[in-house]
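As a plain string of letters, each chain reads:
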Amino acid sequence: MCGIVGVFGKNAETFVLKGLEMMQNRGVDAKGVIKLPNGAFGHCLHSMIGNVHQPLKGKGVLVANCEIYNWMELGHGKNDADVLLQLLDDEGCADVVLDSLDGVYAFAYFLGGKVWLARDVVGVKPLYYATKPFFAFASEKKVLECFGCSDARALHPRKILQYDGVVKIISRKAEFASSDEDVWSCFVSAVKKRVPEQKFGLMLAGIDSIAIAFVLKLLGKSFQCYTVGVRGCRDIAFAVAAAKALGLKLSVIEIDAAVINKLLPTVCTIAETSQVTEVEAGLITYVACLRAKQDGCKALFSGLGADEIFAGYERMQHGNSVKERISVLRRLFETSLYAHDVLSMNNSVELRLAYLDKTVISAAMSVSKEVFVQQCISAGMPKMAIPEKRLASQYGSGITNSFSSALLKTFCTVPVLKIAALVSGGKDSIRALQVMKDMNYEISCCITINSQNKDSYLYHTPNTHLAKFQCRTMCLPLLVVDSEGQKEKELADLKKALKQAIKKYGIEGVVSGALFSSYQRDRIEAVCEELGIVMFAPLWHKDQERQLREVINAGYEIIMTRVAADGLTKDWLGRKLTIHDISKLKKLRINVAGEGGEYETLVLNAPFFSKRIQISKSRIIEESENCATLEIIRAVLE
């Protein structure tokens, strides 16, 4: 991996040099700058194929951070970046060029007064851009923030940016699709083409990395393995067993609470995050890469991405497996890829992610982790090297719970991402907002859709006008869009609202309170993908009774505002839900959280509200014995 940076405006070259200095560990082999009309490009080289210095100049000018494995098939050049420049000079920054690239990349191309930015569809290679106070881009977000750019954001992997004084975002014809190819064959090929000529290693822990080690041994490669964890943890035990079974060279790096806490400020600062899971997993990457650098490795294989493509997380086991995998892959660039990239490159070590090869992703879409493991065994991988149960790296390493989220926020105060919260007034949307806020996401605004159709398939409808009170208590601006509530056409109203939020508040994502409604989650996510932002559903597939218990125990004051299920009557309306009500709801054999529309709620108060909503006038509209609505006519904040 390399580092790229560009600036258009006054003192562009000075800014570019400053950016290269900040990212110097991304490429210690060479550094280059080229002046452009009213701008400049810069590049620092982490040489893996030859020693071709950038920026490269042909018809246009290119700076690229790329690993393109089929470059010799695509053209004749000194390395992959050189061939990429030829393709761009001949065809332009078009889908036909980007689709032909087998690998991962992030680049900027200049020709005829225009700049194009693009990256691989998963977003393995990072690329950020900003427009205020000038147009700039860089491999790392912190560089743009150091320039004083106030709107730095990641380029969405399925978009192309064009700049000629004005930024234009162009959608790519790119999506994650299934294929009938054999996943084992694709995986072996993905590992093989990622083997560098230089000395390299492997982060060894669970079954995902053990499978990589097995393939590397089949290929006859020599490499060093690294495992990181607390003394006596599962990952170290598994790695030692795997190393013995496969004849691997293993370096065991034991850390304790003192080491972990000493490294926290560094990891948080480099990764620009205070999210616990990202810091925990990132700390392992940082420590392993630090040792690998000392050993002279320029690249490390990692099992990152395996759980995403094989639906290895418990929350992905429900519903449509393919949709769950696509949903996670769509936002992977905003959740963990960036942290691992900057933490590895801070040590001048490049991560190689075979599981995120585009052919492996397609072949794995309908394959379970169990099937893949059986294919490994059939190919000769020793059974004794396989853990009985897969644990995420932060758990298997013993690092989890070594520190608090509050402590992390003292090291990294910059919010992770600007997002909008879809707020209906109900318990799930408010709880989802709180979860993301606690994870240090910046809630820039709230969005409420007022649907005129009380039986809307997509939106909560009762008393949405009270969302304005909730937003006041949270000191958050609110965008309100009216909708006629026609099925499917409701999405146009959501799109309208999101466009307003992007323009006015610069949001990069949306949080939804969806629990199990695929109809709702899939449609919101599709709109977000079209607009180049990401969707978060932190409550997705959470046990619904547990979710209800959590909000009540957390101090939420919740009332039912609509009932529509056998056993529920108007007597439930308007009174505070308690823990004791949960057992009553379970006896009615309905969805205990009301996810199926059995009931709707309103949050009158929450621990993070500055004031409580007091209902001063209301009436009950009874349609039948088991269908009624509490219409709130007047309310105040007290």
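Bear in mind that the values here come from a model prediction, so they are computed numbers and not experimental data. (Residues numbered from 1 in each chain as written. Predicted model: local features only at pLDDT ≥ 70, side-chain atom pairs only at ≥ 80, totals over all residues. Heavy atoms only, no water.)

Undergrad: Could you clarify how one ought to interpret the pairing of strand S5 (residues 61–68) in this entry?
TA: A regular strand carries its side chains on alternate faces of the sheet. The element S5 is largely enclosed, with a buried count of 8 among its 8 residues. In the sheet, strand S4 (residues 56–57) pairs with S5 via 2 bridges, with the strands oriented antiparallel. Considered in S5, the bridge of Lys 57 is made with Val 61. Hairpin remark: S4 followed by S5, antiparallel, with 3 residues in the connecting loop. In the sheet, S5 pairs with strand S6 (residues 103–111) via 8 bridges, with the strands oriented antiparallel. (Buried < 20%, exposed > 50% of the residue type's maximum accessible area, 1.4 Å probe, protein only. Helix = DSSP H or I, 4+ residues; strand = E, 2+ residues; numbered from the N terminus. Pairing = 2+ DSSP bridges.)

Undergrad: Teacher, can you tell me more about unusual backbone geometry here?
TA: Comment: phi is negative for the bulk of residues other than glycine, and the bulk of peptide bonds are trans. Of the consecutive residues Gln 54 and Pro 55, the connecting peptide bond is found in the cis state with omega at 5°. Take Pro 55: it is sitting in the loop between strand S3 (39–45) and S4. A positive phi angle is found at Asn 463, which is not glycine, with a value near 60°. Looking at where Asn 463 falls in the secondary structure, it is placed in the loop between strand S19 (442–451) and helix H18 (467–473). A residue is classified by how much of its surface remains accessible, and Asn 463, at 8% relative accessible area, is buried. With phi around 60°, Arg 589 is a residue other than glycine that occupies positive phi space.

Undergrad: Even after reading the chapter, I still don't get the pattern of salt bridges, so can you show me in this structure?
TA: One side chain can pair with another of opposite charge once the charged atoms of both are near each other. Applying the stated criterion across every chain, the model contains 37 salt bridges. A salt bridge links Lys 142 to Glu 140; the shortest N-O distance between them is 3.2 Å. Between Glu 622 and Lys 570 there is a salt bridge; the shortest N-O distance is 3.5 Å. Taken together, the positions of Glu 622 in strand S25 (residues 613–624) and Lys 570 in the loop between strand S23 (557–564) and helix H22 (579–587) put the pair 52 residues apart, joining distant regions of the chain. By relative accessible area, Glu 622 is classed as partly exposed at 42%. In the salt-bridge network here, residues are joined through shared partners; they are Arg 26, Glu 140, Lys 142, Glu 272 and Asp 341. (Salt bridge = Lys/Arg side-chain N within 4 Å of Asp/Glu carboxyl O.)

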